[in-house]
Amino acid sequence: MNDMKELLQGILADALDQLKADDAQPDQIRVRFLGKKGDLTAVLRGMGSLSPEERPAIGQLANEVRTQIENAIEKRQTELNDKKLKSKLLAERVDVTVPGEEFAVGHQHPLTLVRRELEDIFLGLGFSIAEGPEVEYDYYNFQALNIPENHPARDTQDTFYITDKILLRSQTSPVQARVMEKQKPPIRIISPGRVYRSDDVDATHSPLFHQFEGLVVDKGITMGDLKGVLELFAKTMFGEETRIRFRPHHFPFTEPSAEVDVSCFACGGKGCRFCKGEGWIEILGAGMVHPKVLSGCGIDPREYSGFAFGLGIERIALLKYHIDDMRLLYENDMRFLGQF
Ligand code: DAH
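Residues numbered from 1 in each chain as written. Predicted model: local features only at pLDDT ≥ 70, side-chain atom pairs only at ≥ 80, totals over all residues. Heavy atoms only, no water.

**Some points on the sheet that holds strand β7 (residues 254-263)**
Next, step 1: A sheet is described by the order of its strands in space; here 7 strands give the open sequence β1-β4-β5-β9-β8-β7-β6, paired in mixed fashion. Edge strands, defined here as strands with exactly one partner in the open sheet, are β1 (128-129) and β6 (244-249).
Next, step 2: Summarising the sheet, strand β5 (residues 208-218) and strand β9 (residues 305-312) pair through 8 bridges and their orientation is antiparallel. In the sheet register, Asp218 faces β9, and the bridge partner there is Ser305. (Pairing = 2+ DSSP bridges. Helix = DSSP H or I, 4+ residues; strand = E, 2+ residues; numbered from the N terminus.)

If you want it as structure tokens, here you go:
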């Protein structure tokens, strides 16, 4: 009987000892000591050899040993879990005081900035935006604008042809005809967009560039309205002191036609390097919509009149930001674009 007691106490001591180890495996210890083939079970099996008087005491001791081992296993398991969690949290710790990684935020391209500014000015005057296709019919790009086949104006606007009758539009003016065909006056639209010409690339030319068209048609529209609108536009775009000047010109789709200059916003009109000593800078073409263009689009020129204008967005961007080479606008060099 004393042998049994010692054996049980030995088992308890062994179990507690093994649980203490740093790398203790409580589950395995449970199996080894308390499992079906475990040490304690083996002792209990041997109880048959005891006398009936001895059995209760040993039985009780065996139960106590079982309970103690179970409790110790449980406690150790909790301890080990805590330790594991702590080291995991430590390893995964986020240091919120580490300075963040800087990432670059983009911004609008100078051409977009200028287009938006132009749009804002004219939307504020009650214009709305009209769009037209870049792949256009010869009819709208030329014929509807009073530029028949073999007209010399086609030379300066040589473009890319898809077929004899379909081309990449060389100007935004065809949108005028498309709008007038569909919409009865009053008409007040602007139309920004890409245009194409078969030009070689250099500091002032590109086979793809952007224009901005304007058209107003209503009863009693005069050149005074055109002047008033363009003057307001020039002052908003280039500064309150800006003046405008009309020079006679020729466009097939307007009569009369003018080229419009603004007083140089670098020198105020005295003449400087920027305006090449002129005091004036040319910025757009304009005029009163030709009666033939109106009637060709189903609008009676005896009842209605209108004005139109067209400008190059690149040209405005170059002037506004003092850029001396148009190619910079298309090369996507971050050293250049980052300056806007
Ligand atoms: N479309 C012309 C060009 O590309 C510019 C222009 C001139 C547009 C006079 C107009 C206008 O609407 O009235 O050269």
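**As for the site of the ligand**
Next, step 1: Lining the immediate surroundings of the ligand are 16 residues, of which Gln171, Ser173, Arg197, Gln211 and Glu213 lie closest.
Next, step 2: A distance of 2.9 Å is found between an oxygen atom of the ligand and a side-chain nitrogen or oxygen belonging to Gln211.
Next, step 3: Between the ligand and Phe309 there is a distance of 3.3 Å, counted from an oxygen atom to a backbone nitrogen or oxygen.
Next, step 4: Those elements that provide at least two residues to the shell around the ligand are β5, β8 (280-289) and β9.
Next, step 5: Residue composition of the shell around the ligand, by class: 5 nonpolar, 9 polar and 2 charged. (Near = heavy atom within 4 Å. Polar contact = N/O pair within 3.5 Å; in protein donor to acceptor, adjacent residues only side chain to side chain. Nonpolar A, V, L, I, M, F, W, Y, C, P; charged D, E, K, R; others polar.)

**Some words on the state of the cysteines**
Next, step 1: This structure, assessed with the given rule, holds 0 disulfides.
Next, step 2: The thiol of Cys267 is unpaired, and the distance to the nearest cysteine sulfur, on Cys264, comes to 3.6 Å. (Disulfide = S-S within 2.5 Å.)

**Quick word on the side chain of Asn146**
Next, step 1: Structurally, Asn146 is set in the loop between α6 (138-141) and α7 (153-156).
Next, step 2: Among the polar contacts made by the side chain of Asn146, one reaches the main-chain carbonyl oxygen of Pro252 at a distance of 2.9 Å.
Next, step 3: Filtering out sequence-adjacent residues up to four positions away, Asn146 remains in contact with His151, Pro252, His290, Lys292 and Val293. (Contact = heavy atoms within 4.5 Å.)

**Focus on the packing of aromatic side chains**
Next, step 1: Applying the stated criterion across every chain, the model contains 11 aromatic pairs.
Next, step 2: The structure contains a cluster of three or more aromatic residues connected by ring pairs, namely Phe122, Phe127, Phe212, Phe233, Phe238, Phe265, Phe274 and Phe309.
Next, step 3: Lying over the aromatic face of Tyr140, Arg178 brings its terminal NZ or CZ to 4.3 Å of the ring centre.
Next, step 4: Note that Lys227 overlies the ring of Phe246, its terminal NZ or CZ placed 5.2 Å from the centroid. (Phe/Tyr/Trp six-rings, centres within 6.5 Å; stacked < 30°, edge-to-face > 60°. Lys NZ or Arg CZ within 6 Å of the ring centre and 35° of its normal.)

**A word on the nonpolar core**
Next, step 1: Among the nonpolar cores identified, the biggest contains 45 residues, and Phe122, Leu230, Phe233, Ile283 and Leu284 are the most heavily contacted of them.
Next, step 2: The biggest single contributor to this core is helix α9 (residues 223-238), with 7 residues.
Next, step 3: If we skip the residues at most four places from it in the chain, Phe233 touches Leu118, Ile121, Phe122, Ile283, Leu284 and Leu311.
Next, step 4: Formed by 24 residues, the second largest nonpolar core is a distinct cluster that contains Val175, Ile187, Val217 and Phe253. (Core = buried A, V, L, I, M, F, W, Y, C linked by side-chain atoms within 4.5 Å. Buried < 20%, exposed > 50% of the residue type's maximum accessible area, 1.4 Å probe, protein only.)

**Here we look at the pairing of β9**
Next, step 1: As defined by bridge partners, β8 adjoins β9 across 5 bridges and the pair is classed as antiparallel. Bridge pairing links Gly287 to Ala308 in β9.

**A word on the domain arrangement of the protein chain**
Next, step 1: Splitting the protein chain by domain gives domain 1 (2-91) and domain 2 (110-337).
Next, step 2: Between domain 1 and domain 2, the C-alpha centre-to-centre distance is 94 Å. (Domains from an automatic or database assignment.)

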